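Listed below are the residues making up each chain.
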Amino acid sequence: MSKVKSSNLGYPRIGEKREWKKALEQFWAGNVEKDVFIKQIEEIRLQHLQKQADKGIDLIPVGDFSLYDHVLDTAVMFGLVPSRFEYTEGPISIETYFDIARGTKEAFASTMTKWFNTNYHYIVPELGEREPVLVENRPLHFYKEAKEKLNIDGKPVILGPITFVKLSKGYKEDEFKALVEKFIPLYTTILRELQHEGAEWVQIDEPILSTTISKKDVALFKDVYETLHAAAPELKIILQTYFDSVDHYEEIVSLPVQGIGLDLIHDGGENLASLKKHGFPADKVLAAGVIDGRNIWRANLDEHLLTLNEIEEVVSKDRLIVQPSSSLLHVPVTVKSEEEINQVLKGALSFADEKLNEIALLTKGLKEGKESVQEDIKVSIEAIKVLNQSTFRNNKAVQEAIQQLHTYKAERQSTFKDRQIAQEEAFKLPLFPTTTIGSFPQTQEVRKQRLKWRKGELTNEAYENYIQAEIKKWIEIQEEIGLDVLVHGEFERTDMVEYFGEKLDGFQFTKFGWVQSYGSRCVKPPLIYGDVAYQQAMTVQETVYAQSLTEKPVKGMLTGPITILNWSFVRNDISRYGVANQIALALQKEVEALEKNGIRMIQVDEPAIREGLPLKEAKTEEYLKAAVYAFKLATSSVQDSTQIHTHMCYSEFEKIIDAIKALDADVISIETSRSHGELIHAFEENTYNQGIGLGVYDIHSPRVPKLEELTRNINRALQVLDPKLFWINPDCGLKTRGIPETVEALKVMVKSAEKTRETLLKETVR
């Protein structure tokens, strides 16, 4: 009988009903004693391991579970605690661990950023302050726990040294190799101790291999893994990659490890092509990622078995492991809890637990032959077929519009210079116009009223009246502060994607489809399962009401097509760019409805454009071209005098400046976590000649900025930006801030704009 094995790379931490999140937050709030909390977390962790064993998974990951983040886990394992947290030596306490992640009154939290091109965030390790030392062999601890308490011979999961250092900060580029070498003795100790304890397999994650790496990096991988293999020669190392294909395929599969893990879903077919062209070493195991670890659609088992059969022509069954393309951290836990979803859609879904079932079935099919899982194959094919043939995915109007896109020129009627003249005449704004990004504080009372309305405890009329009262209050506040361009505040919106998804055809929302975003924060991405179609106005009522209360312009606020795409689970039967264009056509109708109803400033936010960049540099141009087209498709049909704004969140502006120019927005506002000084350098290197607002203060802090600080930030920007095109605004929305701090900060911002105008006027008179 074939020795083909099944494996998993990682399991969602949060629990079916977010038990993990609740335990964390109860502990943070001081409602649970430390020993009770540790016991609760252990029970959740062991339940997850047992579930995977019950589903027949052969290689069960241990050490993938975390109290907050697996990258932070790796950092504290090596004693890498920033000095501001007053750690000295020895194992890091839970309290210090959480302080690094969340901050304290005395010390700010470590930086958080996106994990490759996913919507998961990791804590960025800070190197350089102290020498790394192994303070705790974390993988060994979890390996022993699984063996002793569940009799599971687990597969320890470790973040590899090269990826770990690449994802860290606090060093110069020419220090990289020397830094990696500092960690190698620590990794060798971990592996030796695992080998001594009897571990057979260990998974070392090096997802950096799925990005564009250099020959120098490849050489470093060879040196590092020769050392690691020599340290524990009896331990079977699987070098695991995911999220894209592997460059330098022949060199990577020849590294001195016992197994190579490849993503065969998100690789664009390149890993499989390389496998067929170059073969695979006879002394290694291939861990084939054939089940999608990042999306929520049921697998066509017949197609996946065919893929595995193709692989068998190169790799024998006894050297084959069947697994997901990545950790299942990125999908919800189980479909079984979704009792309210349409059965046609539900039948085509596969969350983490269902994906484990699919892996077990594919493994059985390889071991015992296709006939052993024939009934399961039929069920999977039929479920997918029923959804594909449903009216959800066959909206003739949408499909005809998409087919006619080649006849549509997604361009504004006139150049920016001509539009600028029309808009100056229409709005008559002062120099350095002040505005905000869109949202105002969503108080506990706002959330309470919205929840009552959703539960049916508040009538539509009563809820509308409440929202209008909030809008009226904040229009008055904005006028009193002295802002030049106002917003309605977005009090009716829970989330910038969910709000629009609930009003468009083709979207479904789950009840328990939570995934971890960062720490205990979980999100429920919408499922884009059908053709996206516009039904009725989504934002007109609130925006028009706000505009009726003031003579100043009020911006309409929409979320852009690429952000909606990147923050959703997207159907996989057509291209992602095709889905983006469907969303753009729907938003185009909303833009036109706003304009028709007298709203002549419309902001279409695209905070997720940069974070959706492909991992491979070669794929960047195609992505940015598609993103620009979708944005322009949504926004280009308006008149010259209608001003299109957009807002973006990223720090490395210069990397995509050509695409941002190509958006042809009349005004962009940019959130940045880097200093204005660094941004100014970007503008010295790259000219931007349209309206722009660099966030003059950070909304993520509750502190009220000082006048001198904001004036300094504005003056820095004006060193390289045209004063006639410069807007003044916070760097992001104010939804999470308190009311007093918001009002006071905006007053300072307006005062700084007035001061800058006066200074510039005096200089002009001279």
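Residues numbered from 1 in each chain as written. Predicted model: local features only at pLDDT ≥ 70, side-chain atom pairs only at ≥ 80, totals over all residues. Heavy atoms only, no water.

As for the packing of aromatic side chains
Let me state the cut-off plainly: Aromatic rings from Phe, Tyr and Trp, with only the six-membered ring used for Trp, were paired whenever their centres fell within 6.5 Å, and each pair was classed as stacked if the ring planes differed by under 30 degrees, edge-to-face if by over 60, and tilted otherwise. Relative accessibility under 20% of the residue-type maximum defines a buried residue, over 50% an exposed one, and the middle range a partly exposed one, all with a 1.4 Å probe and only protein chains included.
This model, assessed by the stated rule, comprises 21 aromatic pairs. Where Trp115 meets Tyr122, the ring centres are 6.0 Å apart and the plane angle is 80°; that geometry is what we call edge-to-face. Considered together, Trp115 and Tyr122 belong to a single accessibility category, that of buried residues. Residues Phe432 and Phe726 carry aromatic rings whose centres are separated by 6.4 Å and whose planes lie at 80° to one another, so their mutual orientation is edge-to-face.

Details of the sheet that holds strand β8 (residues 259–263)
Keep this limit in mind: A strand pair is defined by DSSP finding two or more bridges across the two strands. Secondary structure elements follow DSSP: runs of H or I no shorter than four residues count as helices, runs of E no shorter than two count as strands, and numbering proceeds from the N terminus. By definition in these notes, contact holds between two residues if any of their heavy atoms fall within 4.5 Å. Helix axes are fitted only over the stretch in contact, all axes being lines through C-alpha atoms; the angle between N-to-C directions runs from 0 to 180 degrees.
The parallel open sheet is built from 8 strands, whose spatial order is β1-β10-β9-β8-β7-β6-β5-β2. A single partner strand is all that each edge strand has here, and the edge strands are β1 (5–6) and β2 (61–62). The sheet contact formed by β8 and strand β9 (residues 285–291) spans 5 bridges and is parallel. Across the sheet, Asp263 pairs through a bridge with Gly289, a residue of β9. Relative to strand β10 (residues 320–324), helix α13 (residues 352–368) is tilted by about 160°, and along the sheet it contacts β1, β9 and β10.

Focus on helix α5 (residues 138–150)
So the rule is basically this: In this analysis, the expected span of each helix is defined as 1.5 Å times one less than the number of residues it contains. Polar contacts, as counted here, are pairs of nitrogen or oxygen atoms within 3.5 Å of one another; within protein the pair requires one atom able to donate a hydrogen and one able to accept it, and residues that are adjacent in sequence qualify only if both atoms are side-chain atoms.
Taking 1.5 Å as the rise per residue, α5 with 13 residues should run 18 Å; its terminal C-alpha atoms sit 18 Å apart, in good agreement. Taken together, the buried positions of α5 are Arg138, Pro139, Leu140, Phe142, Tyr143, Glu145 and Ala146. Next to the buried residues of α5 lie α2 (34–54), β2, α3 (70–77), β5 (155–159) and α7 (176–197). Of the residues that open α5, the one with a side-chain oxygen 3.1 Å from the backbone nitrogen of Leu140 is Asn137. Remark: Asn151 follows α5 within two positions and exhibits a positive phi of approximately 55°.

Notes on unusual backbone geometry
Unlike most non-glycine residues, His248 shows phi in positive territory, near 55°. Non-glycine residue Lys428 carries a positive phi angle of around 50°. Positionally, Lys428 belongs in the loop between α16 (416–427) and α17 (444–454). By relative accessible area, Lys428 is classed as exposed at 59%.

Describing the nonpolar core
Which entries qualify depends on this criterion: To form a nonpolar core, buried Ala, Val, Leu, Ile, Met, Phe, Trp, Tyr and Cys residues must be joined to one another through side-chain atoms within 4.5 Å.
The biggest cluster of nonpolar side chains holds 135 residues, and the ones touching the most others in it are Phe37, Trp115, Phe164, Leu191, Leu194 and Ile311. Sorting elements by how many residues they give to this core places α7 first, with 10 residues. With residues near it in sequence (within four places) discarded, Leu194 still touches Pro139, Leu140, Tyr143, Pro156, Ile158, Ala199, Val202 and Leu235. Core analysis: the second largest hydrophobic core is formed by 93 residues, Phe509, Ile564, Ile699 and Ile714 among them.

Looking at the sheet that holds strand β19 (residues 667–671)
The strand order across the open sheet built from 6 strands is β15-β17-β18-β19-β20-β21, with neighbouring strands paired in parallel fashion. Pairing within the sheet leaves two strands with one partner each, and these edge strands are β15 (555–559) and β21 (726–727). Across 3 bridges, strand β17 (residues 601–605) lies against strand β18 (residues 643–649) in parallel orientation. Across the sheet, the residue bridging to Ile602 is Ile644, located in β18.

A closer look at helix α18 (residues 460–481)
Its 22 residues give α18 an end-to-end C-alpha distance of 32 Å, which sits within 8% of 32 Å, the value for a rise of 1.5 Å per residue. Just past α18, the residue Gly482 takes up positive phi, approximately 105°.

Digging into the packing of α3 against helix α4 (residues 94–102)
What counts is decided by this rule: When describing relative orientation, an angle under 35 degrees is termed roughly parallel and one over 145 degrees roughly antiparallel, while 65 to 115 degrees is termed roughly perpendicular and anything else oblique. Handedness of each helix crossing follows the sense of rotation of the near helix against the far helix: counterclockwise by less than a right angle gives left-handed, clockwise gives right-handed.
Interhelical geometry of α3 versus α4 gives an angle of 125° and a closest axis separation of 11 Å. If you check the angle between α3 and α4, you find them oblique. As α3 packs across α4, the resulting crossing turns out to be right-handed. On α4, the residues touching Leu72, Asp73 and Val76 of α3 are Tyr97, Ile100 and Ala101.

What about the pairing of strand β6 (residues 201–205)?
Which entries qualify depends on this criterion: Note on handedness: a clockwise path from strand one over the helix to strand two, with the strands aimed away from the viewer, defines a right-handed crossover.
For β6, a buried count of 5 out of 5 residues is recorded, marking the element as mostly surrounded by other parts of the structure. Side chains of β6 alternate between two faces, with Trp201, Gln203 and Asp205 and Val202 and Ile204 buried alike. Strand direction decides the pairing type here: β5 and β6, joined by 3 bridges, are parallel. Opposite Ile158, over in β6, you have Ile204 as the bridge partner. Regarding topology, helix α8 (residues 215–231) serves as the crossover connection from β6 to the parallel strand β7 (residues 236–240), and that connection is right-handed.

Examining empty space enclosed by the protein
To keep things clear, this is the line we draw: Using a grid of 1 Å spacing that covers the protein atoms alone, one calls a set of points a cavity when a 1.4 Å probe fits there but cannot get out, and a pocket when the set is open and has protein on both sides within 12 Å along at least five of seven lines; lining residues are those with an atom within 4 Å of a point. Grid points are joined across faces, edges and corners, and a volume is the space filled by probe spheres set on the points. Ten residue types, Ala, Val, Leu, Ile, Met, Phe, Trp, Tyr, Cys and Pro, are classed as nonpolar, four, Asp, Glu, Lys and Arg, as charged, and the remainder, Gly among them, as polar.
Counted under the stated rule, the structure contains 8 cavities of 30 Å³ or more. Estimated volume of the largest cavity: approximately 290 Å³. Taken together, 22 residues form the lining of the largest cavity, with Gly63, Asp64, His70, Val157 and Asp205 sitting closest to its centre. Listing elements by their share of the lining of the largest cavity, those giving two or more residues are α3, α5, β5 and β6. The element that contributes the greatest number of residues to the lining of the largest cavity is α3, accounting for 4 residues. Residue composition of the lining of the largest cavity, grouped by class: 10 nonpolar, 7 polar and 5 charged. Arg45, Leu49, Pro61, Asp64 and Phe65 are the residues nearest the centre of the second largest cavity, which is lined by 13 residues in total. Of all the secondary structure elements, the ones that give two or more residues to the lining of the second largest cavity are α2, β2 and α5. Broken down by element, the residue count for the lining of the second largest cavity peaks at 4 residues, all from α2. A class-by-class count of the residues in the lining of the second largest cavity yields 7 nonpolar, 3 polar and 3 charged.

Structural notes on the side chain of Thr435
Residue position: Thr435 is located in the loop between α16 and α17. Here Lys555 takes part through its side chain, which lies 3.3 Å from a polar atom of the side chain of Thr435.

Some thoughts on the environment of Lys144
Locating Lys144 in the fold gives a position in helix α5. A C-alpha to C-alpha distance of 35 Å links Lys144 and Leu349, two positions 205 residues apart in sequence.

Topic: the environment of Val257
For Val257, the position within the fold is in the loop between α9 (249–253) and β8. Relative accessible area serves as the criterion here: at 4%, Val257 is assigned to the buried category. Setting aside residues no more than four positions away along its own chain, Val257 makes contact with Tyr225, Ile237, Leu239 and Lys284.

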